[in-house]
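Coordinate analysis (summary)
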Amino acid sequence: MMITDDRIKHSLAVAKKMKEMAAENPDKYPVEPGAAFVLGLLHDVGYEFSGEQKEHAHKGGSVLKEQGYKYWKEVYYHGIPQDEYDSPMLRLLNYADMITGPAGEYMTIEQRIEDIAKRYGEGSWQDLEARKLAFSLFAFSRD
Ligand SMILES: [Fe+2]
């Protein structure tokens, strides 16, 4: 797999959204807006090194860890429902990723889940993981 032009558009849109949300919501996301922007740009870099979509987060996180990147864990765990790791930066990334479509179009979480179900099939692992992730993000935004 390789990073496509659409993936770059998606990553740039996630970067802009993360920077904006960090700047507007410092209590909820106590992170540096510039750092949030850089993470948004980098979060899908694993697509360049991974043969499989399912591996791209771990692969990208590992590559960035080797290079000493501060937020490699956020990349490593993004988009994956899990309880091994949590941080405000990871929540911000997952949220921005969930409201940004595959070519950088902003949408609601509901629309994004519908889009994933349409592209990968209802009940596919992509669909189930997106739903699980959305559920944990909703739980977070209530508190
Ligand atoms: Fe990703």
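Think of each chain on its own: its residues are numbered from 1, step by step along the sequence as written. Owing to the predicted nature of the model, reporting of local features is limited to residues with pLDDT of at least 70; listing and counting of side-chain atom pairs is limited to 80 or more, with chain, interface and lining totals taken over all residues.

Re the environment of Leu12
How we decide: Numbered from the N terminus, helices here are DSSP runs of H or I no shorter than four residues, and strands are runs of E no shorter than two. Residues with at least 20 neighbouring C-beta atoms inside 10 Å of their own are called buried, those with 12 or fewer are called exposed, and the rest are partly exposed, where every C-beta is derived from the backbone. Each residue gets a C-beta atom placed from its backbone, and two residues are in contact if those atoms lie within 7 Å.
Looking at where Leu12 falls in the secondary structure, it is placed in helix H1 (residues 5–24). Judged by local crowding, Leu12 falls into the partly exposed class, with 15 C-beta atoms found within 10 Å. Considering only alpha carbons, one finds Leu12 and Gly40, 28 residues apart in sequence, at a separation of 6.8 Å. If we ignore the near neighbours within four places in the chain, the residues touching Leu12 are Leu41 and Gly104.

Structural notes on the nonpolar core
Test applied: Each nonpolar core reported here comprises buried Ala, Val, Leu, Ile, Met, Phe, Trp, Tyr and Cys residues connected via C-beta atoms within 7 Å.
In this structure, Met18, Ala36, Leu39, Met89 and Leu92 are the most contacted members of the largest nonpolar core, which totals 23 residues. Looking at this core, the elements with two or more residues in it are H1, helix H2 (33–42), helix H3 (56–66), helix H4 (72–77) and helix H5 (88–98). Dropping the residues within four chain positions of it, Ala36 is found in contact with Met18, Lys19, Ala22, Val31, Met89 and Leu92.

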